[in-house]
Amino acid sequence: MCGIVGYIGKNNALIPVLNGLKNLEYRGYDSAGVAYTVKNNNVICVKQVGRIDALLAELGQLNNYTTNLAIGHTRWATHGSPTRLNAHPQSNNDSSIFVVHNGIIENHDAIRSMLKKDGYYFASNTDTEVIPNLIDHYYKKSQNLETAFELAIRQLEGAFAIAMISAFKPNVIYAAKLSSPLAIGISKSGNMVGSDASAMNDVAEKIVYLEDYEIATIKNSSYKIKNYKMAKNINRQPEQIELENIESSKGNFAHYMLKEINEAPKTVQSAILGRIKLETHSIKLGGLERVEEQLDNIDRILIVACGTSYYAGLVGEYLIEEIAGIPVEVQQASEYKYRSEPLSKNTALLAVSQSGETADTIAALKKVEGSGTLKLGIVNSPGSTISRITDAGVYCHAGPEISVASTKAFMAQVTVLALIALKLGEGKSSLYINLLNELPAIPQKISEVLKSADTIQEIAKKYASYKDFLYIGRGYDYPLALEGALKLKEISYIHAEGCPAGEMKHGPLAMIDELFPTFALAGGKSLSQKTFSNMQEIKARNGKIIVVTTKKSVKALKDLADDMIVIPDTNDQLMPLLEAVVVQLFAYYVALHKGLDIDKPRNLAKSVTVE
Ligand code: F6R
């Protein structure tokens, strides 16, 4: 993953670079570093393990610096553990060329062996360290930094967004991109390079997104872009930076995750705003209008996504199939890209992503490029790569999600999938009017669920010391079992498995004993009786059970469940929107009780921009 930022201009470069790094922390936060020029053309590099705050402490008062050129990096370790040595910037052996890199250099071993023969040595365990040394190798031959940079870039295989500065030419930032996002930020006081707009929006007013195989030469009042594959200069018009205001404060909440869970009613409200027309019993999705004709001919939808977005996709599969009668398949993007499954020309590929920058999901979209397949997106981040490379799509409008664990984005994704299902199923199913009327009532019902936070906290405290958990559900409740298990794993580090309730007897039931509790999702009406039978099977094996259910089942479950969370009733198809808040709160309170770093769980990052 990793975040990259750089500035060259009239002002103290470290201030926009450090501000940019703060905004990029969602991409990784295990170590960080900067390289900046000082008088006599030297470059100084400062790195620190941990968050940007640790780097800031190391740097001291930023106002005391006078540099006009700097690059910075916040890391999510791929090659080499998170140490100061492995942090970026990485330099060549002479410490005259400094590189920050996001991505993975797949042929780093071959390049390292080649350079070693020339006498180069390597101090870190990173793949990145080969880049500044390869540039150095070509610089020694050509004495031209631009040529050396291009020759090195041409030799790299894998995925990269790279920014480089050098003592040899301390008035330029060189940048290059292949399969990892990178953009140039433009302002009157200087130019920037960054992984996304948020890295640069403190200073830059306009942005130019780089495309694959492009190299940029960035100076303080000009920049040039070249496609090195086609050996052609590129003239691309800058766009205005449009960013939603990032609410940097947690308000009265202890964590962003809790704040974002509590935003669920507003999130669902924003996702349906202006899109449900009750007067005409219709759905308006502006983002899909330009492909309406193609959509009419779609006979299959393939949803690709990762993690929580994948589970939202699973809810979407049930919704679209039931409401619109269109066959849907959901695939994890990381697997889809390696499959050789043929797509018919009437299949639409629908990518679901909060960040719009997930490398696996982007790769899935790129796989079908040029095949005529309609590429659709459900994305939360405006202007992100997925929103730019799809033919059409629907924004989630959930606002920035800061906590690494996705909560409100899931709510928005499921809501948008319900809207798409309704749009595709307009008039087709008896459910249509029913759901059209019920969706606007969901925000209020979620508010009701949020009132159970204290009860959920009490239950979470009781179970916080268990080492394993099984989550079960059937039908629309099943994807929630998967999402509940993921939430618990990622922020509380408790082993949890999600499983269809009916599948339990085919294996997972063997794990159940008094130390292996089950979280049963049984809010839906049509299949909950069957889930109750599965709960009996668990009870018979001394397993403890927490159940999420509605009022009418309380009596029936009194002796069966050890703990119960009662939520309002709604259509089975919309039940995931109420149950999601319960599993999110449960995971949150378990992690809180364990005293963990909830918003930034270990080993993870918000945006996963590597394979
Ligand atoms: C889990 C979580 C991840 C993301 C996944 C996809 O809480 O946040 O599983 O859902 O990395 O990310 P996006 O939606 O940005 O493509």
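In case you missed it, the structure is sitting above this.
The rules behind the values
- Residues numbered from 1 in each chain as written.
- Predicted model: local features only at pLDDT ≥ 70, side-chain atom pairs only at ≥ 80, totals over all residues.
- Heavy atoms only, no water.
- Axes fitted to C-alpha atoms, helices over the stretch in contact; angles between N-to-C directions.
- Helix = DSSP H or I, 4+ residues; strand = E, 2+ residues; numbered from the N terminus.
- Parallel < 35°, antiparallel > 145°, perpendicular 65-115°, else oblique.
- Left-handed = near helix turned anticlockwise from the far one by under 90°.
- Contact = heavy atoms within 4.5 Å.
- Nonpolar A, V, L, I, M, F, W, Y, C, P; charged D, E, K, R; others polar.
- Core = buried A, V, L, I, M, F, W, Y, C linked by side-chain atoms within 4.5 Å.
- Buried < 20%, exposed > 50% of the residue type's maximum accessible area, 1.4 Å probe, protein only.
- Near = heavy atom within 4 Å.
- Polar contact = N/O pair within 3.5 Å; in protein donor to acceptor, adjacent residues only side chain to side chain.
- Areas by Shrake-Rupley, 256 points an atom, 1.4 Å probe, with all protein chains shown as cover.
- Phe/Tyr/Trp six-rings, centres within 6.5 Å; stacked < 30°, edge-to-face > 60°.

Draft legend 1. Region of the structure containing the packing of helix H1 (residues 14-23) against helix H2 (residues 52-59). At a closest axis distance of 10 Å, the pairing of H1 and H2 adopts a crossing angle of 160°. By the angle between their directions, the pair H1 and H2 is classed as roughly antiparallel. Both H1 and H2 take part in a crossing whose hand is left-handed. For the pair H1 and H2, contact is made by Leu-18, Leu-21 and Lys-22 and by Ile-52, Asp-53, Leu-55, Leu-56 and Leu-59, respectively. Looking at side-chain class alone, the contact of H1 with H2 contains 6 nonpolar, no polar and 2 charged residues.

Draft legend 2. The arrangement of the nonpolar core in detail. Within the largest apolar cluster, 102 residues are counted, with the highest numbers of intra-cluster contacts made by Leu-439, Phe-469, Tyr-471, Phe-519 and Phe-586. Apart from residues lying up to four places away in sequence, Leu-439 is in contact with Ile-272, Ile-276, Thr-415, Ala-418, Leu-419, Leu-422, Leu-574 and Leu-577. Grouped together as the second largest cluster of nonpolar side chains are 28 residues, Ile-97, Phe-122, Ile-153 and Ala-176 included.

Draft legend 3. Region of the structure containing the site of the ligand. Ser-309, Ser-353, Ser-355, Thr-358 and Glu-490 are the nearest of the 15 residues found near the ligand. Ser-309 has a polar side-chain atom sitting 2.5 Å from an oxygen atom of the ligand. Isolated, the ligand exposes 410 Å² of accessible area, and the fraction of that covered by the protein chains is 90%. When residues of the shell around the ligand are traced back to their parent elements, those giving at least two are helix H9 (307-324) and helix H17 (478-492). Taken together, the residues that form the shell around the ligand break down as 5 nonpolar, 8 polar and 2 charged.

Draft legend 4. Expanded view of the packing of aromatic side chains. Scanning the model with the defined rule gives 13 aromatic pairs in all. Aromatic pair Tyr-36 and Tyr-65: ring centres 5.4 Å apart, planes at 90°, arrangement edge-to-face. Taken together, the positions of Tyr-36 in strand S2 (residues 31-38) and Tyr-65 in the loop between H2 and strand S4 (69-75) put the pair 29 residues apart, joining distant regions of the chain. On the basis of an interplanar angle of 70° and a centroid distance of 5.9 Å, the ring pair of Tyr-213 and Tyr-228 is categorised as edge-to-face. Separated by 15 residues along the polypeptide, Tyr-213 in the loop between strand S11 (206-209) and strand S12 (214-218) and Tyr-228 in the loop between strand S13 (223-227) and strand S14 (232-234) bring together distant segments of the chain. A residue is classified by how much of its surface remains accessible, and Tyr-228, at 5% relative accessible area, is buried. One aromatic cluster in this structure is built from Tyr-463, Tyr-466, Phe-469, Tyr-471, Phe-519 and Phe-586.

Limitation: the analysis is restricted to geometry and does not speak to function.
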